[in-house]
Amino acid sequence: MQFRIGHGYDVHQLSAGYELSLGGIKIPHTVGSMGHSDADVLLHAICDAMLGALSLGDIGKHFKNTDPQWKGMDSKHFLVRVNEMIGEKGYAVGNIDSTLILEEPKIGKYIPEMKKAISECLGIESDAVSIKATTSETMGFIGRKEGLEAHAVCILYKK
């Protein structure tokens with residue numbers, strides 16, 4: 001197959017005492033994502049999309065949240081490693097399309113920096129990375145500002 005498509009999803013709880021890492025950058029906020037690593041929901045969803053496109057499992061299979069070596073790890077490390085894994089299978093990323101769902105903070109002004117961080121990790125052009133943001137219109141755990149989520153799709157092509 002010349003093209004493979006993958007979908008990824010991630011969710012994390014928000015809590016005081018944690019940094020908010022999104023798309024490979026730190027965003028100033030009163031709460032951050034709870035998790036074993038830096039809990040970057042966007043990068044985790046992108047990793048899952050890439051892994052899923054080649055039936056390689058999910059991020060938890062490769063970077064277990066019980067393994068002390070990943071404690072506090074910058075998720076850009078995971079993205080770079082997943083990109084190497086797909087390269088070893090003869091594929092490369094064509095493009096990424098993603099959506100962040102969170103009530104706050106407003107992240108529009110951070111999107112160019114996130115796109116740059118992701119494109120550098122993947123060795124692709126910044127315009128091959130789409131990041132959109134929306135809210136849940138105050139409904140559910142996101143609306144109550146208890147958490148955030150991300151969805152991502154990617155297309156891989158045979159090199």
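Everything below is about the structure shown above.
First things first, this report covers the structure right here in the doc. This is a predicted model, so every value here is computed, not measured. (Residues numbered from 1 in each chain as written. Predicted model: local features only at pLDDT ≥ 70, side-chain atom pairs only at ≥ 80, totals over all residues. Heavy atoms only, no water.)

1. Section: the pattern of salt bridges
Tallied over the entire structure, the rule returns eight salt bridges. With its nearest N and O atoms 3.3 Å apart, the salt bridge here joins Glu88 to Arg81. Under the relative-accessibility criterion, Glu88 is labelled exposed at 60%. Salt-bridge contacts for Lys116 lead to Glu120; the nearest nitrogen and oxygen are separated by 2.8 Å. Placement of both Lys116 and Glu120 in helix H4 (residues 111-122) is noted, with a separation of four residues, approximately one turn of the helix. The network of salt bridges with shared partners includes Arg81, Glu84 and Glu88. (Salt bridge = Lys/Arg side-chain N within 4 Å of Asp/Glu carboxyl O. Buried < 20%, exposed > 50% of the residue type's maximum accessible area, 1.4 Å probe, protein only. Helix = DSSP H or I, 4+ residues; strand = E, 2+ residues; numbered from the N terminus.)

2. Details of the packing of aromatic side chains
Summed over the entire model, instances satisfying the criterion amount to three aromatic pairs. On the numbers, 4.5 Å between centres and 35° between planes, the contact of Phe63 with Phe78 is tilted. Of this pair, Phe63 sits in the loop between helix H2 (59-62) and helix H3 (75-88) while Phe78 sits in helix H3, and the two are 15 residues apart along the sequence. By the burial criterion, Phe63 is buried, and Phe78 matches it. (Phe/Tyr/Trp six-rings, centres within 6.5 Å; stacked < 30°, edge-to-face > 60°.)

3. With respect to the environment of Met139
With respect to the helices and strands, Met139 occurs in the loop between strand S6 (129-134) and helix H5 (140-143). Met139 sits in the exposed class, given a relative accessible area of 58%. Separated by 53 residues in the primary sequence, Met139 and Ile86 have C-alpha atoms spaced 37 Å apart.

4. Quick notes on the layout of surface pockets
Counted as a void, the largest pocket has a volume near 220 Å³. Lining the largest pocket are 14 residues; nearest its centre among them are His36, Ser37, His44, Phe63 and Asn65. Listed by contribution, the elements that provide at least two residues to the lining of the largest pocket are strand S1 (3-15) and H2. Considering only residue class, the lining of the largest pocket consists of five nonpolar, seven polar and two charged. (1 Å grid on protein atoms, 1.4 Å probe; cavity = no way out; pocket = protein on both sides within 12 Å on 5 of 7 lines; lining within 4 Å. Points joined across faces, edges and corners; volume = space filled by probe spheres on them. Nonpolar A, V, L, I, M, F, W, Y, C, P; charged D, E, K, R; others polar.)

5. Overview of the nonpolar core
If you look at the biggest cluster of nonpolar residues, it comprises 47 residues, and the most contacted ones within it are Leu22, Ile46, Met50, Leu79, Leu100, Met114 and Ile118. Put simply, the parts of the chain that give this core at least two residues each are strand S2 (20-22), strand S3 (25-27), helix H1 (41-53), H3, strand S5 (91-101), H4, S6 and strand S7 (147-158). Counting residues per element, this core draws most heavily on H1, at 10 residues. In contact with Ile118, other than residues within four places in its own chain, are Gly23, Leu42, Leu43, Ile46, Leu79, Val129 and Ile131. (Core = buried A, V, L, I, M, F, W, Y, C linked by side-chain atoms within 4.5 Å. Contact = heavy atoms within 4.5 Å.)

6. Notes on the sheet that holds S7
Spatial strand order, S4-S1-S7-S5-S6: five strands in an open sheet with mixed pairing. Two strands bound the open sheet, and with one partner strand each, they are strand S4 (32-33) and S6. With six bridges joining them, S5 and S6 adopt parallel strand pairing. Among the inter-strand pairings, Leu100 is bridged to a residue of S6, identified as Ala133. Of the strands in this sheet, S1, S5, S6 and S7 touch H1, which is tilted by about 150° from S1. (Pairing = 2+ DSSP bridges. Axes fitted to C-alpha atoms, helices over the stretch in contact; angles between N-to-C directions.)

7. Points about the pairing of S7
Pairing between S1 and S7: 11 bridges, direction antiparallel. In the sheet register, Arg4 faces S7, and the bridge partner there is Leu156. As judged from the 10 bridges shared by S5 and S7, these two strands associate in the antiparallel manner. For Leu100, the partnering residue across the bridge sits in S7 and is Ala150.

From the geometry alone we can't say anything about function, so treat these as descriptive.
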